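# Observations on chain architecture
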Amino acid sequence: MKKPSKILLLIVVFMTFLSCKQQQQARMPISRSSGTFMKESAARNKKLIAGEEGKIDSIIKSNPKIEYLASKKGYWYHYITKNERDTLRPKKGDIAQFDYEIMDLKGNVLYSEVELRPQTYTVDKQNIIMGLRDGIKLMHKNEKVTFLFPSHMAYGYHGDNKLIKSNQPIICTVTLNYFKPKEKIIPQVNITKNE
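What comes next is a walk through the structure. On a predicted model such as this, the values are computed, not experimentally measured, just so you know.

### Structural notes on the pattern of salt bridges
Charged atoms that come close allow side chains of opposite charge to pair. Per the counting criterion, the structure on display carries five salt bridges. A salt bridge links Glu113 to Arg117, with the shortest nitrogen-to-oxygen separation between them at 3.7 Å. A relative accessible area of 23% places Glu113 in the partly exposed class. Linking Asp124 and Arg133 is a salt bridge whose minimum nitrogen-to-oxygen distance equals 3.5 Å.

This is the structure we're talking about:
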C-alpha cells in the first residue's frame, strides 16, 4: 500500500507544480461604465460655461464704448494702453515682468496690483492660470490690457483656496512692463599659457 500513496503524492506535487507555472490572466472588471456620468458632467460644464459667458456678455454690452476682442481661447479683452510702435511679443522661454490686479465680475478687487507685484514669468515654462499664459503672449511691452476670463481659463473648479471661489470668472488687468529673451549660458573656457 505504500506504492499507491507515493504515486498519489507524486501526482499531487506534479499537479501543484503545473498549476503554479501557468500564467494568470488579469480579471475583467465586474461592472462596466455606461458613460452616463461623463455625459452628465459634460452637460453640467456646458451649462456652467454658458452661464459665465452670459455674465461676461452683459459686462461687454454694458460698456458699448469699449472695444472688446474675443480670443481664440475663449476669453475677452480690451486695451487700456496700447503700444503700436513695437512689433515684438513675448514668446516661449522669454522672461516677462508684469503687474496685475484681479477683480470679480462686479468689479470688487480680490487681489490688488500692490499685493501681487511684481511678477516675473518665464513664458510657457512656468505654471500660471491659462488665461494669463495665453494673454501675455498677445501683448507688447508697456501695454495695459483688461481680460475677462471665464473660470475654466482662470482658477477653475478649485478657485485659489483663498479669495477666488470655485468656478468663479474673473477680470484681470495686466501691465506688461517688459520682456526679454532668457539669457543663454555660454560655457567659459579657461586658457592657460604653457611656459
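### Focus on the nonpolar core
Counting residues in each nonpolar core, the largest one holds 26 residues, and the members touching the most others are Ile102, Phe147 and Phe149. If you tally residues by element for this core, the top one is strand β7 (residues 170-180), at five residues. Core analysis: the second largest hydrophobic core is formed by eight residues, Tyr68, Met103, Leu148 and Ile171 among them.

### A short note on unusual backbone geometry
Of note, the bond from Arg117 into Pro118 is cis; its omega dihedral lies within 30 degrees of zero at -20°. With respect to the helices and strands, the residue Pro118 is situated in the loop between α3 (113-116) and β5 (119-122). Phi is positive for Asn142, close to 65°, though the residue is something other than glycine. Structurally, the position occupied by Asn142 is in the loop between α4 (130-135) and β6 (143-149). Unusually for a residue other than glycine, Asn167 sits at a positive phi of about 50°. Inspection of the secondary structure puts Asn167 in the loop between β6 and β7. Note on Asn167: relative accessible area 25%, which makes it partly exposed.

### Topic: the environment of Thr175
As for its position among the elements, Thr175 is in strand β7. When its relative accessible area of 16% is taken as the criterion, Thr175 is described as buried. Between the C-alpha atoms of Thr175 and Glu113, which are 62 residues apart in sequence, the distance is 9.7 Å. Those residues in contact with Thr175 that lie beyond four places of it in its chain are Gln97, Phe98, Asp99, Met139, Glu143 and Lys144.

How each quantity is defined
- Residues numbered from 1 in each chain as written.
- Predicted model: local features only at pLDDT ≥ 70, side-chain atom pairs only at ≥ 80, totals over all residues.
- Heavy atoms only, no water.
- Salt bridge = Lys/Arg side-chain N within 4 Å of Asp/Glu carboxyl O.
- Buried < 20%, exposed > 50% of the residue type's maximum accessible area, 1.4 Å probe, protein only.
- Core = buried A, V, L, I, M, F, W, Y, C linked by side-chain atoms within 4.5 Å.
- Helix = DSSP H or I, 4+ residues; strand = E, 2+ residues; numbered from the N terminus.
- Contact = heavy atoms within 4.5 Å.

Read these as layout, nothing more, since geometry by itself doesn't imply function.
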